[in-house]
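# Working through the structure, step by step
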Amino acid sequence: MARKKIIAGNWKMNMTPSQAVELVNTLKPLVVNDDVDVVFCVPAIDIIPAMEAAKGTNIHIGAENMYFEEKGAYTGEISPAMLVDAGVKYVIIGHSERREYFAETDETVNKKVLKAFEHGITPIVCCGETLTQREQGVTIDFVRQQIKIAFLNVSAEQAASAVIAYEPIWAIGTGKVATTEQAEEVCKAIRECIAEIYDEATAAAIRVQYGGSVSASNAAELFAQDDIDGGLVGGASLKPDFGQIVCYNK
């Protein structure tokens, strides 16, 4: 069975609640594509208003992060139960910006992945190398390490339902895009890594996105690759252009 594409917008720290509603209303008619799961991962304060605005559409609202404890003295954090109660089905975990600016590690990513599954939330697990790592030829080794630790103690059944987002750090927000060949090479290696950890069936089921300066002009070529099952889109997800990315096949 063919994997259904999943195209997610990562809004990052953009959009006030009222702006979020306006953007959802603008994009609603533009992102209708039955062949694609469409997700808007929004700042925590925007989740509920965005959810209301997206009601009755094909848009799923996701979160950009969550904590790995149920509740407690963790000022400023969002628990998985809070996300579930708000109707969230997806959460981005381990984005390179979280790792770089907020000291996230492979180990905390793993804790969050396990907690997301525990609550029935689909994790979008991010991985990707720096420019130095790519230039030194360690991209595949580095990404495999990220994946192996992120999926520690995750069952095959859980892994099959997960999403992995390969985002070369050097291509995020820089306008530089990995070539289609570079993106496919790493996404294929990720799938092979999942096959090693689990089995071929799990590897065939898991969806692997590409992220890093995805645009309306390169989406169709990227998403046509055997091992690229959609995209995690940053800046372009805040514009009407996101509709063209979602409807890349029309």
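Everything below is about the structure shown above.
Heads up: these notes are all about the structure in this document. The shown structure was predicted, so the numbers you read here are calculated from the model rather than taken from an experiment.

Turning next to the pattern of salt bridges. Opposite charge on two side chains permits them to pair, given that their charged atoms come into close proximity. If you walk through the whole model with that rule in mind, you get 15 salt bridges. In this structure, the salt-bridge partner of Glu 70 is Lys 115, at a minimum N-O distance of 2.8 Å. Placement of the pair is Glu 70 in the loop between β3 (59-63) and α3 (80-86) and Lys 115 in helix α5 (residues 106-118), with a sequence separation of 45 residues. Residues Asp 227 and Arg 191 are paired through a salt bridge, measuring 2.7 Å at the closest nitrogen-oxygen approach. In this pair, Asp 227 sits in the loop between α11 (219-223) and β8 (230-233) while Arg 191 sits in helix α9 (residues 180-197), placing the two residues 36 residues apart along the sequence. Here Asp 227 and Arg 191 have matching classes, each one buried.

Moving on to the packing of aromatic side chains. One pass over the structure, following the stated rule, counts 7 aromatic pairs. Ring pairing ties together the aromatic residues Trp 11, Phe 40 and Phe 242, which thus form one cluster.

Our focus in this paragraph is the side chain of Asn 65. Position of Asn 65 relative to the elements: it lies in the loop between β3 and α3. Within polar-contact distance, the side chain of Asn 65 engages the side chain of Lys 112 at 2.8 Å. Residues within four places of Asn 65 in sequence aside, it is in contact with Glu 77, Leu 83, Val 91, Ile 92, Arg 98, Glu 104 and Lys 112.

On to the pairing of β8. Side chains Gly 230 and Leu 232 project from β8 onto one buried face, and the interleaved Gly 231 and Val 233 project onto a second face that is buried too. Relative to β8, strand β1 (residues 5-10) runs parallel, the two sharing 4 bridges. Pairing of Ile 6 across the sheet is with Gly 230, part of β8. Pairing analysis gives 2 bridges linking strand β7 (residues 207-211) to β8, with the strands arranged parallel. Looking at β8, one finds that Tyr 210 is bridged to Gly 231.

Along its 13 residues, α5 runs 18 Å from first to last C-alpha, staying within 8% of the 18 Å computed at 1.5 Å per residue. The set of residues buried in α5 consists of Asp 106, Val 109, Asn 110, Lys 112, Val 113, Lys 115, Ala 116 and Phe 117. Looking at the packing, one finds that the buried side of α5 touches α3, β4 (90-93), α4 (96-101), β5 (122-127), α7 (139-150) and α8 (156-161). One or two residues past the end of α5 sits Gly 120, with phi positive at roughly 75°.

Right, let's get into helix α2 (residues 47-54). Along α2, the residues that are buried comprise Ile 47, Ala 50, Met 51, Ala 53 and Ala 54. All buried residues of α2 project into a common sector of 165° when viewed along the axis, lining one side. Looking at the residues trailing α2, positive phi occurs at Gly 56, about 80°.

A word on the nonpolar core. Judged by nonpolar contacts, the single largest core of 68 residues is most densely connected at Phe 40, Phe 151 and Phe 242. Per-element tally for this core: the top contributor is α9, with 7 residues. If we skip the residues at most four places from it in the chain, Phe 242 touches Ile 7, Ala 8, Gly 9, Leu 27, Val 31, Val 38, Phe 40, Val 233, Ala 236 and Ser 237. One finds Ala 8, Tyr 90, Ile 124 and Leu 232 within the second-largest nonpolar core, a separate group that totals 11 residues.

Turning our eyes to something else, we now look at the packing of α5 against α7. Between α5 and α7, whose axes approach to 8 Å, the crossing angle comes to 40°. Regarding the angle of α5 to α7, the classification is oblique. Both α5 and α7 take part in a crossing whose hand is right-handed. Of the residues in α7, those in contact with Asp 106, Glu 107, Val 109, Asn 110 and Val 113 of α5 are Gln 145, Gln 146, Ile 149 and Ala 150. Split by residue class, the contact of α5 with α7 holds 4 nonpolar, 3 polar and 2 charged.

Parameters and conventions
Residues numbered from 1 in each chain as written. Predicted model: local features only at pLDDT ≥ 70, side-chain atom pairs only at ≥ 80, totals over all residues. Heavy atoms only, no water. Salt bridge = Lys/Arg side-chain N within 4 Å of Asp/Glu carboxyl O. Helix = DSSP H or I, 4+ residues; strand = E, 2+ residues; numbered from the N terminus. Buried < 20%, exposed > 50% of the residue type's maximum accessible area, 1.4 Å probe, protein only. Phe/Tyr/Trp six-rings, centres within 6.5 Å; stacked < 30°, edge-to-face > 60°. Polar contact = N/O pair within 3.5 Å; in protein donor to acceptor, adjacent residues only side chain to side chain. Contact = heavy atoms within 4.5 Å. Pairing = 2+ DSSP bridges. Expected span 1.5 Å × (residues − 1). Arc of directions from axis to C-beta. Core = buried A, V, L, I, M, F, W, Y, C linked by side-chain atoms within 4.5 Å. Axes fitted to C-alpha atoms, helices over the stretch in contact; angles between N-to-C directions. Parallel < 35°, antiparallel > 145°, perpendicular 65-115°, else oblique. Left-handed = near helix turned anticlockwise from the far one by under 90°. Nonpolar A, V, L, I, M, F, W, Y, C, P; charged D, E, K, R; others polar.

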